[in-house]
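Geometric and topological summary
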Amino acid sequence: MRRVVVTGLGMVTPLACGVEETWSRLIAGQSGAGPITRFDASNVVTQYACEIPYGDGSDGTFNPDDWMEPKDRRKVDDFILYGMAAAVQAVRDAGWEPQDKEGRLRTGVMIGSGIGGLTSIAETAVLIKEKGPKRVSPFFIPGALINLISGQVSIRFGFKGPNHAVVTACSTGAHAIGDAARLIQWGDADVMIAGGAESPISEIGIAGFNACKALSTKRGDDPAKASRPYDSDRDGFVMGEGAGVVVLEEYEHAKARGAKIYAEVLGYGLSGDAYHITAPSEDGDGGYRSMAAALKRAGLEPSDVDYINAHGTSTMADTIELGAVERLMGDAADKATMSSTKSSIGHLLGAAGAVEAIFCILALRDQVAPPTINLDNPAVTPRLDLAPNKAVKRKIDVALSNSFGFGGTNASLVLGRVTG
Amino acid sequence: MSDIAARVKKIVVEHLGVEEDKVTENASFIDDLGADSLDTVELVMAFEEEFGIEIPDDAAETIQTFGDAVKFISEAA
């Protein structure tokens, strides 16, 4: 089977625009949470979220002008803007902008989203109600469709390989990377631009997740403390927004062009819960099987895993995942470190799995596990080191990233340092 | 320039992201100003909104240049 490595990274997160800017703040234990500014939140229950820091582009701020021209930006929902920004970063980082026909034909794009153009759908519905259907923009549909990140990125760079988009709620980013890696393994492409993006911080998004009792509601006075996975005072997840995109490449292809190789995609596992539309089963069976499948594909034992980036959303489900991981790891749980970076950046839904896979890749590179911030009083006594409030310097040769989504859709990625 | 021409030009500049001096009498939205077919649909909608008029589809098809737009709107408004 062809080997797949990661040669480019890009992200826009609530901590910063940019991979290194985000990573240094994550390791320092910063939070991206604050009062909602994206819309007038006075009518929704939860009035805080983890928003991307907009600005002039300096000091890790996100300047939309740096990534899409104003005339093009007007035609797309924000999730496409974020996906484009992360994709451009990743492509530049990889140094892969082929001008020849073959290079372009062998490069594909698979960037998904959990919900896509939620905000523009809501705004257009209001417009129809107020002004009638004839006022609907011709750019509404192509600006809201989930696969239009992949479409826009392919048009920008001329990538003519497989063009695809994953939609599996909070597992989207992880499924995209795993599925894209398989397209390379099967020879459908040599390079894939893969990841996820989401822009759910709007009245309809917050109201919807409030309605299904998924969001934290009690920390309006101190939003930075709201996302607290595994802590006994956690009360729901904190909404995030952003995008994560990686460049995946067939190993020999990357070596031949002297590309910088960050890590190898060693394994990918998927499973379904067949249990409930929003909750995992008490025994965490779906997550367990997803992790076990990824390790089997990688040809590794649970004891080989050094670092786990948990799904850990700061909901009751945290301890279900923790239980499944400890069951999988057995005695090896005592030696592994697991953290939830959602404590810092909130839950980026369809972007989460991609952003968190990038965190795993950087953990492999820098030999450090990012912290689980706000973990002051663990709800249970864990066998795993959950890296409470402080990053952990340690040996990390193999990292595992979990993503579990509404509908009972689970994905796990196993990433490793490249040797030889 | 008439008030109508100035307002049409402002819409064209905003929607197509072009320099103001490129928007001349005979400038074609598609051939000279980089618009695609969806852009022209949106432009016509913006004209309708700005001037409170209705531009039927068959009339919209005849509006190919900046000059065409100003002429049509001047007669309709």
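In what follows, the structure referred to is the one given above.
Residues numbered from 1 in each chain as written. Chains lettered and ligands numbered in written order. Predicted model: local features only at pLDDT ≥ 70, side-chain atom pairs only at ≥ 80, totals over all residues. Heavy atoms only, no water.

**Quick word on the pairing of strand β4 (residues 107–112) of chain A**
All names here are of chain A.
- Extensive coverage of β4 is indicated by the burial of six of its six residues.
- Pairing geometry for β4 and strand β6 (residues 191–198), over six bridges, is parallel. Bridge pairing in β6 places G108 opposite M192.
- As defined by bridge partners, β4 adjoins strand β5 (residues 163–164) across two bridges and the pair is classed as parallel. By the bridge assignment for β5, M110 is matched with H164. (Buried < 20%, exposed > 50% of the residue type's maximum accessible area, 1.4 Å probe, protein only. Helix = DSSP H or I, 4+ residues; strand = E, 2+ residues; numbered from the N terminus. Pairing = 2+ DSSP bridges.)

**A word on the environment of A:S120**
All names here are of chain A.
- Topologically, S120 is positioned in helix α5 (residues 118–131).
- By relative accessible area, S120 is classed as buried at 15%.
- The spatial distance from the C-alpha of S120 to the C-alpha of F359 is 30 Å, given a sequence separation of 239 residues.
- Sequence-distant contacts of S120, defined by excluding residues within four places in its chain, comprise D77, F140, G143 and A144.
- A polar atom in the side chain of S120 sits 2.7 Å from the side chain of D77. (Contact = heavy atoms within 4.5 Å. Polar contact = N/O pair within 3.5 Å; in protein donor to acceptor, adjacent residues only side chain to side chain.)

**Focus on the environment of A:L349**
Residue and element names in this part refer to chain A.
- Secondary-structure assignment places L349 in the loop between α13 (342–345) and α14 (352–366).
- In this structure the C-alpha to C-alpha distance between L349 and G173, which are 176 residues apart in sequence, comes to 8.5 Å.
- Once residues lying within four places of it in the same chain are set aside, the contact partners of L349 are I115, A169, C170, E198, P200, F209, F237 and M239.

**A look at the nonpolar core**
Residue and element names in this part refer to chain A.
- Core analysis: the largest hydrophobic core is formed by 48 residues, its most contacted members being V6, L9, I177, M192, V246 and L248.
- Among the elements that take part in this core, α14 stands out by supplying 11 residues, more than any other.
- Three or more residues apiece are contributed to this core by two domains, here domain 1 (4–257) and domain 2 (268–416).
- Residues within four places of I177 in sequence aside, it is in contact with A194, V246, L248, A354, A357 and L413. (Core = buried A, V, L, I, M, F, W, Y, C linked by side-chain atoms within 4.5 Å. Domains from an automatic or database assignment.)

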